[in-house]
Amino acid sequence: MTTRYTYKRPFCEVCGSRDGGSVSVEGWNTCVEHFRVPKPAEPLFDWNTGERIKDEIEKPQESDATEGDHHEK
C-alpha cells in the first residue's frame, strides 16, 4: 500500500519551506524550526507541492455596500 510516507516529502506543512523532511512526533512533515512547536489544526501547505492549502484564518467579510444593513428599520 502506498501512503504519503512512502516517498520523501520535501516541504514543511506548517510554513511551506523546502527544508522539510523531518517527520515530527505528530506525523507532520516539518522544517527544523517547526519540528517541536504546536501545530495548527490542519496542515497549511501541501507536503508534496509546497503550495498553500488555505489561509490560516478565513473570515467572511462584508462589502462596504451591505455593512451595517443588518438592523431592522
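For the structure, check the block above.
Notes on the structure follow. Within any chain, residue numbers begin from 1 and follow the written order of that chain's sequence. Local features are withheld for residues below a pLDDT of 70 in this predicted model, meaning they are given only at 70 or higher, and side-chain atom pairs are given and counted only at 80 or more; totals for whole chains, interfaces and linings count all residues. To obtain the side-chain values, all non-hydrogen atoms of the structure were included, while hydrogens and water were left out.

1. Some words on the overall build of the chain
Test applied: Labels follow the DSSP assignment, with helices taken as runs of H or I lasting at least four residues and strands as runs of E lasting at least two, numbered in each case from the N terminus. Any two residues having at least one pair of non-hydrogen atoms within 4.5 Å are treated as being in contact.
Along its length, the chain carries zero helices and two strands. Residue pairs at least 24 apart in sequence account for 24% of intrachain contacts in the chain once pairs closer than 6 positions are excluded.

2. Overview of the side chain of E13
We count it as follows: Any pair of nitrogen or oxygen atoms within 3.5 Å is treated as a polar contact; in protein, a donor-acceptor pairing is required on top of that, and neighbouring residues in sequence qualify only through side-chain atoms on both sides.
Position of E13 among the secondary structure elements: in the segment before β1 (22–23). Here N29 takes part through its backbone nitrogen, which lies 2.6 Å from a polar atom of the side chain of E13.

3. What about the pattern of salt bridges?
Cut-off, in case you're wondering: By convention in these notes, a salt bridge is any Lys or Arg side-chain nitrogen within 4 Å of a carboxyl oxygen on Asp or Glu. Categorising residues by exposure relies on relative accessible area from a 1.4 Å probe, with only protein chains included: less than 20% of the type maximum marks a residue as buried, more than 50% marks it as exposed, and the intermediate range marks it as partly exposed.
For the structure shown, the criterion picks out one salt bridge. Here E26 ties to K39 by a salt bridge, and the two come within 3.4 Å at their closest N and O atoms. One end of the pair, E26, is in the loop between β1 and β2 (29–30); the other, K39, is in the segment after β2, with 13 residues separating them in the sequence. Judged by relative accessible area, which is 17%, K39 ranks as buried.

4. Quick notes on the environment of S17
Secondary-structure assignment places S17 in the segment before β1. In the structure, S17 is positioned 28 residues away from F45 in sequence and 9.0 Å away in space, judged by C-alpha atoms. The residues contacting S17, other than those within four sequence positions of it, are P10, F11, C12 and C31. Within the local environment of S17, its side chain forms a polar contact with the backbone nitrogen of D19, the two atoms lying 3.0 Å apart.

5. Description of the state of the cysteines
When the sulfur atoms of two cysteines share a covalent bond, that bond is a disulfide. This is how it is decided: Disulfide: a pair of cysteine sulfur atoms within 2.5 Å of each other.
The final tally for this structure, using the stated rule, is zero disulfides. Here C15 is not disulfide-linked; the sulfur of C12 is the nearest cysteine sulfur, at 3.7 Å. Taking relative accessible area as the criterion, C15 reaches 33% and is therefore assigned partly exposed.

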